[in-house]
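Structural description and commentary
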Amino acid sequence: MHIVGELINSSRREVNEAIKVRNAGFIEDLAKRQANCGVNHIDVNAGVFLQEEPAILSWLVQTVQGVVDLPCTLDSPNPKAIEAALAVHRGQAMINSISLEQERYHALLPIVADSDLKVIALCMSDGGMPSTAEERLRIAEKLIDGLQQKNVPLYNIYVDPLVQPICTNNDFGVEFLNAVEQVMSQFHGVHTMCGMSNISFGLPNRKLLNQTFMAMAITKGLDGAILNPLDEGMMSTIRAAEVLAGRDEFCMKYTNQFRASNHWALNNYQLRDR
Ligand code: THG
């Protein structure tokens, strides 16, 4: 599972305040804590700052990469912000995200063309949000085709079928899951990615719903997610679902996570004192 840590997002109040006063320490701490959870990319989002977004996004990248040796996911539809951030970024950045919305598509396609960037392809068009798996597939197909024509290799494409709140439509869960399954089987080599927490919007006990939905999506082949890596329940669910879906050779990741957690110490303690 390719995990993107979501916490450095300007829509979160504390992050917003830290950015305003350029509190590098706060951002560095969030970067380090997410890195310690084993994430693959750190998402950076300065979307609420509009005019200042290019300057702030590149400041976030430099601040994050000053303390952790990880690439960033550049969470912006603004080509100026992406360019500014890429100019200071080290390693293989991920663009979050291109979509079929025409303005966004034509602004971002030249940036990823002929590059080694990873790119999230969001299943959204000017026709609004897709509701069925079929609509998602049609958009995914066009995005994959357009990216391939610009020499973006399939293994750098992460299709995001778009998670929507289950409380607004009873079918949103199943349609998303079917889209994951179909993308993974029809476009061999392509990855999938999503922001899981939208599924539980407006409902109580959101963590339970997010975790359960994650396990269900993993059985369909989901291999990437943007999430809060400090949520231990979610991280455990991912390891458990991956081992059970046959995606964790020799159960190594599962065993290692268990070892690293308190359960291991507790277990040893109980064994010793038996
Ligand atoms: N797809 C893609 N990109 C995305 C999303 C997506 N980027 C933005 C968003 N959705 C994913 N990022 C966030 C960032 C923060 C939060 C939710 C989604 C959030 N965090 C909680 C908070 O503010 O305190 C903490 C998380 C928690 O407690 O579990 O709300 O869908 N391609």
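First, a word on scope: everything that follows refers to the structure included in this document. (Residues numbered from 1 in each chain as written. Predicted model: local features only at pLDDT ≥ 70, side-chain atom pairs only at ≥ 80, totals over all residues. Heavy atoms only, no water.)

1. Points about the overall build of the protein
To keep it simple, the criterion reads: Helix and strand definitions follow DSSP, with helices as H or I runs of at least four residues and strands as E runs of at least two, each counted in order from the N terminus. We take the radius of gyration over the C-alpha atoms and set the globule estimate at 2.2 Å times the residue count to the 0.38 power. Three exposure classes are used, based on accessible area relative to the maximum for each residue type with a 1.4 Å probe and protein chains only: buried under 20%, partly exposed in between, and exposed over 50%. Throughout, a residue-residue contact means that at least one pair of heavy atoms, one from each residue, lies within 4.5 Å. The method behind every accessible area is Shrake-Rupley, applied with a 1.4 Å probe, and residues are considered shielded solely by the protein chains displayed.
From N to C terminus, the protein includes 11 helices and eight strands. The C-alpha atoms of the protein give 19 Å as radius of gyration, which agrees with the globular expectation for 274 residues (19 Å, within 12%). Principal axes of the C-alpha set define a box for the protein whose edges measure 65 × 45 × 35 Å. Sorting the 274 residues of the protein into buried and exposed places 49% on the buried side. If you take every contact in the protein between residues at least 6 apart in sequence, the share linking residues at least 24 apart comes to 67%. Here the protein has roughly 13300 Å² of accessible surface; of this, 51% comes from carbon and sulfur atoms.

2. Looking at the packing of aromatic side chains
Rule in force here: Aromatic pairs are defined between Phe, Tyr and Trp rings, using the six-membered ring for Trp, whenever the two ring centres lie within 6.5 Å; interplanar angles under 30 degrees are classed as stacked, those over 60 as edge-to-face, and all others as tilted. Counting as a charge over the ring demands two things of the Lys NZ or Arg CZ atom: a distance within 6 Å of the ring centre and an angle within 35 degrees of the ring normal.
Tallied over the entire structure, the rule returns one aromatic pair. Sitting over the face of the ring of Trp 59, Arg 22 holds its NZ or CZ atom 5.6 Å from the ring centroid.

3. What about the layout of surface pockets?
Using a probe with the size of a water molecule, rolled over the atoms, empty space left in the structure can be pinpointed. Selection criterion: Site definitions follow a grid-based scheme: protein atoms alone, a 1 Å grid, a 1.4 Å probe that fits but cannot get out for cavities, and for pockets an open set with protein on both sides within 12 Å along at least five of seven lines, plus lining residues having an atom within 4 Å of a point. Grid points are joined across faces, edges and corners, and a volume is the space filled by probe spheres set on the points. Asp, Glu, Lys and Arg are counted as charged, while Ala, Val, Leu, Ile, Met, Phe, Trp, Tyr, Cys and Pro are counted as nonpolar; the rest, among them Gly, fall into the polar class.
The space that makes up the largest pocket amounts to roughly 690 Å³. Elements with a minimum of two residues in the lining of the largest pocket: strand S1 (2-9), strand S2 (41-45), strand S4 (94-99) and strand S5 (118-122). Its residues assigned to classes, the lining of the largest pocket comprises 11 nonpolar, 10 polar and seven charged.

4. Points about the site of the ligand
Quick note on the threshold: Throughout, near means a residue has at least one heavy atom within 4 Å of the molecule or strand. Pairs of N or O atoms are called polar contacts if they sit within 3.5 Å, as long as, within protein, a hydrogen donor faces a hydrogen acceptor (for residues adjacent in sequence, only side-chain-to-side-chain pairs).
The full set of residues close to the ligand is Glu 6, Asn 9, Arg 12, Asp 75, Asn 96, Ile 120, Asp 160, Gly 195, Ser 197, Ile 226 and Asn 228. A distance of 3.0 Å separates an oxygen atom of the ligand from a polar atom in the side chain of Arg 12. In the environment of the ligand, a nitrogen atom lies 2.8 Å from a nitrogen or oxygen atom belonging to the side chain of Asn 96. Relative to its free-state accessible area of 670 Å², the ligand is covered by the protein chains to the extent of 64%. Within the shell around the ligand, the residues separate by chemical class into two nonpolar, five polar and four charged.

5. Things to note about the pattern of salt bridges
Side chains carrying opposite charge are able to pair once their charged atoms draw close together. Quick reminder of the rule: We define a salt bridge as a contact between a side-chain nitrogen of Lys or Arg and a carboxyl oxygen of Asp or Glu at a distance within 4 Å.
Within this structure, the stated rule accounts for nine salt bridges. In this structure, Lys 220 and Glu 181 form a salt bridge, with 3.5 Å as the shortest nitrogen-oxygen distance. Residue Lys 220 is located in the loop between helix H8 (206-219) and strand S8 (224-227), and its partner Glu 181 is located in helix H7 (residues 172-186); the two are separated by 39 residues in the primary sequence. For Lys 220, a relative accessible area of 25% corresponds to the partly exposed category.

6. Here we look at the sheet that holds strand S7 (residues 191-192)
Counted only if it meets this: A pair of strands is treated as paired once DSSP finds two or more bridges between them. The axes used here are C-alpha line fits, helices contributing only the stretch in contact, and every angle between their N-to-C directions lies in the interval 0 to 180 degrees.
On the basis of which strands lie adjacent, the open sheet formed by eight strands has the order S7-S6-S5-S4-S3-S2-S1-S8 and parallel pairing. In this open sheet, the two edge strands, each paired with only one partner strand, are S7 and S8. Relative to the sheet, helix H2 (residues 24-36) contacts S1 and S2, its axis offset from that of S1 by approximately 160 degrees.

7. A look at helix H5 (residues 102-112)
How we decide: Taking the helix axis as origin, the arc is that swept by the directions to the C-beta atoms.
The complete set of buried residues in H5 reads Arg 104, Tyr 105, Leu 108, Leu 109, Ile 111 and Val 112. Take H5 and look down its axis: the buried residues cluster within an arc of 155 degrees, on one side only. Turned more than 90 degrees off the buried face of H5, the exposed positions are Glu 103, His 106 and Pro 110. Residues of H5 that are buried sit in contact with helix H4 (79-88), S4, S5 and helix H6 (133-149).

8. Describing the environment of Gly 233
Among the structural elements, Gly 233 can be located in helix H9 (residues 232-244). Given the relative accessible area of 29%, Gly 233 is considered partly exposed. Taking the C-alpha atoms as reference points, Gly 233 and Asn 210, 23 residues apart in sequence, are found 10.0 Å from one another.

9. Comments concerning the nonpolar core
The criterion, for reference: We call a set of buried Ala, Val, Leu, Ile, Met, Phe, Trp, Tyr and Cys residues a nonpolar core when their side-chain atoms join them within 4.5 Å.
Core analysis: the largest hydrophobic core is formed by 73 residues, its most contacted members being Ile 8, Leu 60, Leu 74 and Met 214. No other element matches the seven residues that H6 contributes to this core. Apart from residues no more than four positions distant in its own chain, Leu 74 is found in contact with Val 44, Leu 57, Val 61, Ile 82, Ala 85, Leu 86, Ala 93, Met 94, Ile 95 and Asn 96. Formed by six residues, the second largest nonpolar core is a distinct cluster that contains Val 4, Ile 120, Tyr 158 and Met 193.

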